[in-house]
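The primary structure of each chain is shown beneath.
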Amino acid sequence: MEEVRKFIVFTLKNQSYGVDVRQVHSIERLQKVTEVPRTASFIKGVINLRGTTIPVIDLRERLWIGETETTDESRFLIVEINEMQVGLLVDGANEVLDIGAEAIEPPPGMIAGVDAQYLEGVAKLREELLILLDLEHILDVNEVQEVKQAIN
Amino acid sequence: MDTNDYIEIFLDESNEHLQAVNDQLLKLEKQSDDLSIVDEIFRSAHTLKGMAATMGYEDIASLTHNMENVLDKIRNSSLHVTTEVIDVTFTAVEALEEMVESIAGGNTGKKDVTDLIARLEAIENGKQPEESKEPVAAKEALESLDLDEYQLTVLDQAKEQGFEAYQMEVVLDEGCILKAARAYMVVEAVEQHGEIIKTSPTVEELEAGEVDRFSLIVLTKSPAADVKQSVHKVSEVESADISLYVAVKEEAAPATEEIAATTEEAQTEQKEETQKAVTSKTIRVNLERIDDLMNLFEEVVIDRSRLEDLASEIKNDALQETVEHMSRVSEDMQSLILTMRMVPVEQVFNRFPRMVRGLAKDLNKNLDLDIIGAETELDRTVIDEIGDPLVHLIRNSIDHGIESPEERKKAGKAEKGSLTLRAFHSGNHVFIEMEDDGAGINREKVAAKAIQNGVLTEAQLEKLSDQEVNELILASGFSTAETVSDISGRGVGLDVVKSKIESLGGKLSIESTQGKGSKFSIQLPLTLSILSTLLVDVSEEIYAIPLSSIIETLMLEEKEIMDAHGQRVIDFRGNIIPVVSLRKVFDVEESTTKDSSIQPIVVVKKGNKLTGILVDSFIGQKEVVLKSLGAYLKDVFAISGATILGDGRVALILDPNALVK
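Residues numbered from 1 in each chain as written. Chains lettered and ligands numbered in written order. Predicted model: local features only at pLDDT ≥ 70, side-chain atom pairs only at ≥ 80, totals over all residues.

A.B. asks: In this structure, what is going on with the overall build of chain B? I would like to understand it.
C.D. replies: Regarding its fold elements, chain B presents 23 helices and 22 strands. Residues counted as buried form 34% of the 661 residues belonging to chain B. For chain B, restricting intrachain contacts to residue pairs at least 6 apart in sequence, the fraction spanning at least 24 positions comes to 70%. (Helix = DSSP H or I, 4+ residues; strand = E, 2+ residues; numbered from the N terminus. Buried ≥ 20, exposed ≤ 12 C-beta atoms within 10 Å, placed from the backbone. Contact = placed C-beta atoms within 7 Å.)

A.B. asks: What is the right way to read the overall build of chain A from this model?
C.D. replies: Counting its secondary structure elements, chain A contains three helices and 13 strands. The 152 residues of chain A split such that 36% are buried.

A.B. asks: Please clarify how the interface of chain A and chain B should be interpreted in this entry.
C.D. replies: Frequently, the measure chosen for interface size is the accessible area that the parts lose on association. With 19 residues of chain A at the contact, the number on the chain B side is 22 residues. When residues of the side of chain A that touches chain B are traced back to their parent elements, those giving at least two are strand 4 (43-49), strand 5 (52-58), strand 7 (84-90) and helix 3 (141-151) of chain A.

A.B. asks: How should I be thinking about the sheet that holds strand 12 (residues 119-124) of chain A in this particular structure?
C.D. replies: All names here are of chain A. Strand order in the open sheet formed by six strands is 8-1-2-13-12-9, and the pairing between neighbours is mixed. Both outer strands of the open sheet, strand 8 (92-100) and strand 9 (104-105), are each paired with one neighbouring strand and no more. Sheet analysis places strand 12 next to strand 13 (residues 129-133), joined by five bridges and oriented antiparallel. Considered in strand 13, the bridge of Val 122 is made with Ile 131. (Pairing = 2+ DSSP bridges.)

A.B. asks: Sorry if this is basic, but what is going on with helix 13 (residues 287-314) of chain B here?
C.D. replies: Residues and elements named next belong to chain B. In this model helix 13 runs 40 Å from its N-terminal to its C-terminal C-alpha over 28 residues, within 8% of the 40 Å that 1.5 Å per residue would give. Within helix 13, the full set of buried residues consists of Met 294, Phe 297, Glu 298, Val 301, Ile 302, Arg 304, Ser 305, Leu 307 and Ala 311. Against the buried residues of helix 13 lie helix 14 (317-340), strand 12 (530-538), strand 20 (617-625) and strand 21 (639-644). Downstream of helix 13 by one or two residues, Lys 315 has phi in the positive range, about 60°. (Expected span 1.5 Å × (residues − 1).)

A.B. asks: I keep staring at the nonpolar core and nothing clicks. Help me out?
C.D. replies: In summary, soluble globular proteins display a tendency toward joint burial of nonpolar side chains. Counting 73 residues, the largest nonpolar core has Leu 88 of chain A together with Val 602 of chain B as its most contacted members. For this core, the leading source of residues is strand 22 (residues 650-654) of chain B, giving five residues. Residue assignment places this core across two domains, with domain 3 (287-341) and domain 5 (530-659) of chain B each supplying three or more. Setting aside anything within four residues of it in sequence, one finds Leu 88 of chain A in contact with Ile 57, Leu 59, Phe 76, Leu 77 and Val 79 of chain A. (Core = buried A, V, L, I, M, F, W, Y, C linked by C-beta atoms within 7 Å. Domains from an automatic or database assignment.)

A.B. asks: When you look at the confidence of the model for chain B in this model, what are you seeing that I'm missing?
C.D. replies: Low pLDDT marks regions whose predicted coordinates should not be analysed in detail. Residue and element names in this part refer to chain B. Residue-level pLDDT values for chain B average 77, and 84% of them are 70 or greater. The low-confidence segment residues 248-278, where pLDDT is below 50, has 49 contacts with residues more than four positions distant or belonging to other chains. Note on residues 482-492: pLDDT is under 50 here. Beyond four places in sequence and across chains, it has 21 contacts. Two numbers describe this predicted complex: its pTM, 0.52, and its ipTM, 0.80. (pLDDT = per-residue confidence, 0-100.)

A.B. asks: Even after reading the chapter, I still don't get unusual backbone geometry, so can you show me in this structure?
C.D. replies: Peptide bonds are trans in most cases, and residues, glycine excluded, mostly fall at negative phi. You will see that Asn 14 of chain A, though not glycine, has its phi angle at about 65°, which is positive. Positionally, Asn 14 of chain A belongs in the loop between strand 1 (4-12) and strand 2 (15-20).

A.B. asks: Sorry if this is basic, but what is going on with the sheet that holds strand 3 (residues 213-220) of chain B here?
C.D. replies: Working definition: the strands of a sheet are paired by backbone hydrogen bonds and lie parallel or antiparallel to each other. All names here are of chain B. Reading across the sheet, the four strands line up as 2-3-1-4 and stay open at both edges, with antiparallel pairing between neighbours. Of all the strands in the sheet, the pair left with one neighbour each is strand 2 (194-200) and strand 4 (237-244). Each neighbouring strand pair of the sheet contributes to a mean axis angle of 25°, computed without reference to strand direction. Of the strand pairs in this sheet, strand 1 (residues 164-172) and strand 4 are connected by seven bridges, and their pairing is antiparallel. Counterpart to Tyr 166 in the pairing with strand 4 is Leu 244. (Axes fitted to C-alpha atoms, helices over the stretch in contact; angles between N-to-C directions.)

A.B. asks: Hey, could you run me through the pairing of strand 5 of chain A in this one?
C.D. replies: A regular strand carries its side chains on alternate faces of the sheet. All names here are of chain A. Burial runs high along strand 5: six of the seven residues are buried. Taken together, the six bridges between strand 4 and strand 5 define a ladder with antiparallel strand orientation. Bridging from a neighbouring strand, Gly 45 pairs with Val 56 of strand 5.

A.B. asks: Sorry if this is basic, but what is going on with the environment of Ser 62 of chain B here?
C.D. replies: Among the structural elements, Ser 62 of chain B can be located in helix 3 (residues 58-75). Sequence separation between Ser 62 of chain B and Val 113 of chain B is 51 residues, and the spatial gap between their C-alpha atoms is 8.6 Å.

A.B. asks: What's the story with the packing of helix 16 (residues 352-362) of chain B against helix 17 (residues 380-401) of chain B in this structure? I'm lost.
C.D. replies: The angle between the axes and the distance between the axes are what describe a pair of packed helices. All names here are of chain B. Between helix 16 and helix 17, the least distance of the axes is 11 Å, while the angle of their chain directions is 30°. The way helix 16 lies across helix 17 gives a crossing that is right-handed. Contact residues: helix 16 offers Phe 352, Met 355, Val 356, Leu 359 and Ala 360, while helix 17 offers Val 391, Ile 394, Arg 395 and Ile 398. Partitioning the contact of helix 16 with helix 17 into residue classes produces eight nonpolar, no polar and one charged. (Left-handed = near helix turned anticlockwise from the far one by under 90°. Nonpolar A, V, L, I, M, F, W, Y, C, P; charged D, E, K, R; others polar.)

A.B. asks: Please explain the environment of Leu 338 of chain B as it appears in this structure.
C.D. replies: All names here are of chain B. With respect to the helices and strands, the residue Leu 338 is situated in helix 14. We classify Leu 338 as partly exposed; it has 17 C-beta atoms within 10 Å. For Leu 338 and Ser 529, which are 191 residues apart along the polypeptide, the C-alpha to C-alpha distance reads 9.4 Å.

A.B. asks: Please clarify how the pairing of strand 2 of chain A should be interpreted in this entry.
C.D. replies: All names here are of chain A. In terms of strand pairing, strand 1 meets strand 2 through six bridges, oriented antiparallel. Looking across to strand 2, one finds that Leu 12 is bridged to Gln 15. Note: strand 2 against strand 13, two bridges, orientation parallel. Its bridge partner being in strand 13, Gly 18 is matched across the sheet by Leu 132.

A.B. asks: Would you mind going over the packing of helix 8 (residues 179-191) of chain B against helix 10 (residues 224-233) of chain B with me for this structure?
C.D. replies: Residue and element names in this part refer to chain B. In the contact formed by helix 8 and helix 10, the axes pass within 9 Å of each other and the chain directions differ by 150°. Our classification of the angle between helix 8 and helix 10 gives roughly antiparallel. Crossing geometry of helix 8 relative to helix 10 is assigned as right-handed. Residues Val 186, Ala 189 and Val 190 of helix 8 form the contact with helix 10, whose participating residues are Val 227, Ser 230, Val 231 and Lys 233. In the contact of helix 8 with helix 10, the residues fall into five nonpolar, one polar and one charged. (Parallel < 35°, antiparallel > 145°, perpendicular 65-115°, else oblique.)

Laid out in structure tokens, this is it:
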């Protein structure tokens, strides 16, 4: 039987991206972010999500494709990786898609300006390409430390 | 039948008994002729044996069994207490601790103890070649060492009390679907008549449902026919044969089998336990429940501050009164819950005597350890974390502080060194001090080492006070020990100790007089999760500064802040102290609208150093709940966590220690 996975589809700079639905905790409207000083610039700060403080990062900046201008459509995608919750600032979250394993291909070297190391693969849909993100790598704590050091 | 439910109780009690054995062994070493101490040890070891056998941990049972044999000989004065005996017994206790720890970690608690058992046996037999005529010893001599033998003893004892042992062979119907359930029902049925001491295959396998044929041994006073009758009442049982159990055959059974029910002797022990528990009027509460309660209460605290905010906005007298009352009640509740989480520091301290004894032996030092204030209570979170740093400090003291007996003699001191561990409350803090009468910190040596390691230059060194030089040994990559031993002196350690204590919100300071000794003192907060803070505003963000480190708040005019060597300073009660601006530190833009030239400053203290922190404005005092920033945002400079304010906003909690230079 063919394996079908569910992906949450969201947009960044008019391009569609997907993350595995199992990694997504919830999708939240924007709220006031408390800045945390002296951290990497893609770390926007922390928010209060029903009594827990959760760090939020600007996904565009994290993927080195610019900086997000927030709109009414902007959302926090709360994801959970290795028992760690992190909010991702995205331009908008639209839908959930079922994608068969055969539609997913390994990522090319660079796509839509995003380096392949952050990608899990690319899914070919009827009208467009869906870029599947490798959240484990994007949110790898050690890598964050490195990025932070590189910036300082 | 499921032993899992009892595992926690087993672990708790095992640890208590092991600790008791430990303490008593140390006493015994000093007063080797006091046989009442041996009795105490014997009792604890015996209970431990019973519990372990009940839970099916054969290695623990057989090791304690052999310890008992040795202790029994001591008790009967047929064996003398020698250092060797104590040493081997300690090693056995250590092995037991390891096994119990392994069980706590979800493992099997198995360990190869044959070597230890052999050593215990050697003591038991070697020291006393002619066999004792007492019945206990004679029986012991008959026994080999595996658990089956132990079960036989249990059987014997049960028979003496009028129980009969029957072996049952149960075969389930071939078409039986829920084999596990049937097996369980059979076991239930048999248990109505007595205690099942063994099943084959093990209970786990039975419950896994793979088995359609099994045998069990039951201790009962009921006639065999009755037992058989009850088993046949369970449906889908094809046959159940019962016969009087013949002990010799069972010896061949594999040693890994479980004893699945409480044995007689363990029961009597448990009765004793219950009686003790009744008199002390305490109950055991799972730590998780207290933690959950604390978490819930933290939410109440958040809502409380929300209510306070609302009430002050609405300005309704009745509402305000109610909210104030609720605040008072919840403050009382808070302190109650906090005390529930408090445990005596004894839990950490009581493993030190043995450790010190072992270290002293390894390093050829001669010293006494004094423990004062072991009953001092600390938050459980702190207790869990403080053990390792203390171990390190103690090792450090024994290795580097206390001199060898010869050196001490030369220096005109008593040959026996002394190490004092002291815990006490003071204000909102708990202090743990560790004082030795050893060589103290050698300023020249430390200084030379610091320069050699490039920690600082000679010019810098001259300006340092003795205190500051002492604290150099806490810098990372620092070790003055001339020979690197495996105890301490690898140059990692004291800096780790320091950062660990600081991560607990505590402080470590050192006092030392060369030739006289050193004192390491640790100051710890009473609790970690709820703290009183001063809220301040910096560039539209709210920060919370813990009150415990605030000395005073000031409003100064701009011109009162002076420049000295590129550092902004103020005159604070006759002392010149540096001032740092939070805006600058946190790299947030200077506000363009400075409405006044009055500058709010928070004076904070770290050790005996003061620093002024420049903020935009003061907001007020607030009890806040400390929340971690999480793994993703670890090690953020000068921020120790976050909290949620009454209006739902997140405020960062400042770590003033990082700002004091």
